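Tertiary structure, described
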Amino acid sequence: MSLPFDLASLRAAYRSGATPVEIAQTSLRRIADYGDPAVWITRVPENEVLARAEALARQGPGETMPLWGIPFAVKDNIDVAGLPTTAACPAFAYTPNKTAHAVTRLLAAGAILVGKTNLDQFATGLVGTRSPYGAPRSVFDSRYVSGGSSSGSAVAVAAGLAGFSLGTDTAGSGRVPAAYNNIVGLKPTKGLLSTTGVVPACRSLDCVSIFANTTGDAIDVLRAAEGYDATDSYSRKRVPCAALAKNFRFGVLAIADREFFGDSSSAKLYEGAIAHLIALGGQAITIDY
């Protein structure tokens, strides 16, 4: 099955008669066929994946399960009951008896967990090579790194092995590998997704991040995963905020500080972003970088 694994395509397949078992089998087959075993640290046993899919098929989709039948992966510094959490360090490994809050919410939304992915050890690094389980490679060229620290989570989505995945982001770990593999990496507002059940890199800064094929997919996953968690001291409830006022100010670098090291495309993108904000009613204010 050559089905794209973005949420719109998967939902369309379900409307056309596909079953969660068929989609789960497709995910499992792609994982087995994919030529980079370093993507994964621990896989959910195949019989358990299919049993979960069969249970969802019997239950049927519903309004309370917006991610019904969607295969997903979780970075291996996030707890899943019964599966080891290694943080890419075998000597640190433990088997939790409770699943992380964010993962629990995704399972309740009908998603199918297929495995736990590789990372820079203890989520410290941005290249994806600091792991005794191997170094996942860019989906475009195996000579290049995947980025990190959420290396396996990014590759699992970019390679079409899972519909979405969870990573973590303390200082770029949920965005750098997304950029390297041409997918969406969303770092939510701190506290919007609970970090209960997440091995900390920096407790006051850590966020559970989301990898997806589109911005819309990432938002759908965010809505399912978010929720106040009284056991997380940083957890917060979503507070609606107003859209930009008609007249607003935004900061830009002084011309002398706009160093792009010969990358003319990035320079044009920066200028274009400024022009777009001005067209929306913004006033560009030069800042002293």
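Residues numbered from 1 in each chain as written. Predicted model: local features only at pLDDT ≥ 70, side-chain atom pairs only at ≥ 80, totals over all residues. Heavy atoms only, no water.

**Notes on the pattern of salt bridges**
Scanning the model with the defined rule gives nine salt bridges in all. A salt bridge links Asp220 to Arg11; its shortest N-O distance comes to 3.0 Å. Within this pair, whereas Asp220 is found in helix H7 (residues 215-225), its partner Arg11 is found in helix H1 (residues 7-15), the two being separated by 209 residues in sequence. The partly exposed category is assigned to Asp220, whose relative accessible area is 30%. Lys116 is the salt-bridge partner of Asp76, the closest N and O atoms lying 2.8 Å from each other. With Asp76 in the loop between strand S2 (71-75) and helix H4 (101-108) and Lys116 in strand S3 (residues 112-117), this residue pair connects regions lying 40 residues apart in the sequence. (Salt bridge = Lys/Arg side-chain N within 4 Å of Asp/Glu carboxyl O. Helix = DSSP H or I, 4+ residues; strand = E, 2+ residues; numbered from the N terminus. Buried < 20%, exposed > 50% of the residue type's maximum accessible area, 1.4 Å probe, protein only.)

**What to know about the sheet that holds strand S5 (residues 184-186)**
The six strands are arranged S1-S3-S2-S4-S6-S5 in an open sheet whose pairing can be described as mixed. At either end of the open sheet lies a strand with only one pairing partner, and these are strand S1 (40-43) and S5. Ignoring which end each strand starts from, the neighbouring axes of this sheet average 30 degrees apart. Judged from the six bridges that link them, strand S4 (residues 164-169) and strand S6 (residues 207-212) form a sheet pairing that is antiparallel. Within the sheet, the bridge partner assigned to Ser165 lies in S6 and is Phe211. (Pairing = 2+ DSSP bridges. Axes fitted to C-alpha atoms, helices over the stretch in contact; angles between N-to-C directions.)

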